[in-house]
Amino acid sequence: MDVRIVALIVAALAGATMAVQGTLNSALGKAVGLWEMTLIVHVIGAAIAAVLVFLFKMGTLDLAKWATAPWYTYLGGALSLLIIYAVARSIPKIGVAPATTAIVFCQILTAGLIDHFGLFGLQRVSFSWYRAVGVVLMAVGAWLILFRSN
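Since this is a predicted model, take the numbers as computed values, not measurements.

**A few points about the overall build of the protein chain**
Per the secondary structure count, the protein chain includes six helices and zero strands. Reading the secondary structure of the protein chain in the N-to-C direction produces α-α-α-α-α-α. If you line up the protein chain on its principal axes, its C-alpha atoms span 50 × 45 × 35 Å. The proportion of buried residues among the 150 residues of the protein chain is 14%. Total accessible area on the protein chain is roughly 11100 Å²; 76% of this is exposed by carbon and sulfur atoms. Distance from the positive charge centre (9 side chains) to the negative charge centre (4 side chains) of the protein chain: 10 Å.

This is the structure:
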């Protein structure tokens, strides 16, 4: 099977998982509080990652490599806090589909900018007019889902 198709399937699975995760996190946030939910989710994720790395030897523990990564690459954990909090806060107010639509639209727009400018050390991928039309079509779709659902 083509590597790109496998990557798209994995990405689609991540998207579906994000919708379920946001829903579950929202429910947990209602029960225990949003910041408490954020802490619980990260502790559980860190525990599972520790088990995978230390017990199942997934990945390497080459600490020397950690020092070579640019400082900004370590901001993912902080961004994860913001993402989980924001998703759990928005879903109960507007619903899973509208929240996910807004998330995906902004995610694609931001990804296009990162590609176009080659930010964070990534290879530049020009923002062609095809991509611009795709973003406009997504914006129209997002508007229909977000504001014309009732």
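**Some points on the packing of helix α5 (residues 96-117) against helix α6 (residues 129-147)**
Following both chains from N to C, one finds α5 and α6 inclined at 165 degrees, their axes separated by 9 Å at the closest point. Judged by the inter-axis angle, α5 sits roughly antiparallel to α6. Considering how the two elements wind past one another, α5 and α6 form a crossing that is left-handed. Along its contact with α5, which presents A97, P98, T101, A102, V104, F105, I108, L109 and D115, the element α6 presents R131, V135, M138, A139, A142, I145 and L146. For the contact of α5 with α6, the per-class residue count stands at 13 nonpolar, one polar and two charged.

**So, unusual backbone geometry**
If you check the backbone angles, K57 has positive phi at about 55 degrees while not being a glycine. Mapped onto the fold, K57 is located in the loop between α2 (34-55) and α3 (63-66). Positive phi values are uncommon outside glycine, yet F120 reaches one of about 60 degrees. Mapped onto the secondary structure, F120 falls in the loop between α5 and α6.

**Comments concerning the packing of helix α4 (residues 76-94) against α5**
At a closest axis distance of 7 Å, the pairing of α4 and α5 adopts a crossing angle of 135 degrees. Judged by the inter-axis angle, α4 sits oblique to α5. On α5, the residues that touch V87, S90, I91 and I94 of α4 are V96, P98, A99 and I103. Per-class residue counts for the contact of α4 with α5 are seven nonpolar, one polar and no charged.

**Details of the confidence of the model for the protein chain**
Scored by pLDDT, the protein chain comes out at a mean of 89, with 98% of its residues at no less than 70. Confidence, expressed as mean pLDDT per element, reaches its minimum in the protein chain at α3 with 83 and its maximum at α2 with 94.

**Quick word on the environment of V53**
Here V53 lies in helix α2. Considering only alpha carbons, one finds V53 and L34, 19 residues apart in sequence, at a separation of 28 Å. Among residues more than four places away in sequence, those in contact with V53 are M58 and L61.

**Notes on the pattern of salt bridges**
It is possible for side chains of opposite charge to pair when their charged atoms get near one another. Here the structure, examined in full by the defined rule, presents two salt bridges. Across the pair R4 and D2 runs a salt bridge whose closest N-O atoms are separated by 2.9 Å. Residue class for R4 comes out exposed when judged on its relative accessible area of 62%.

Cut-offs applied
Residues numbered from 1 in each chain as written. Predicted model: local features only at pLDDT ≥ 70, side-chain atom pairs only at ≥ 80, totals over all residues. Heavy atoms only, no water. Helix = DSSP H or I, 4+ residues; strand = E, 2+ residues; numbered from the N terminus. Buried < 20%, exposed > 50% of the residue type's maximum accessible area, 1.4 Å probe, protein only. Areas by Shrake-Rupley, 256 points an atom, 1.4 Å probe, with all protein chains shown as cover. Lys, Arg positive; Asp, Glu negative; His and termini not counted. Charge placed at Lys NZ, Arg CZ, Asp CG, Glu CD. Axes fitted to C-alpha atoms, helices over the stretch in contact; angles between N-to-C directions. Parallel < 35°, antiparallel > 145°, perpendicular 65-115°, else oblique. Left-handed = near helix turned anticlockwise from the far one by under 90°. Contact = heavy atoms within 4.5 Å. Nonpolar A, V, L, I, M, F, W, Y, C, P; charged D, E, K, R; others polar. pLDDT = per-residue confidence, 0-100. Salt bridge = Lys/Arg side-chain N within 4 Å of Asp/Glu carboxyl O.

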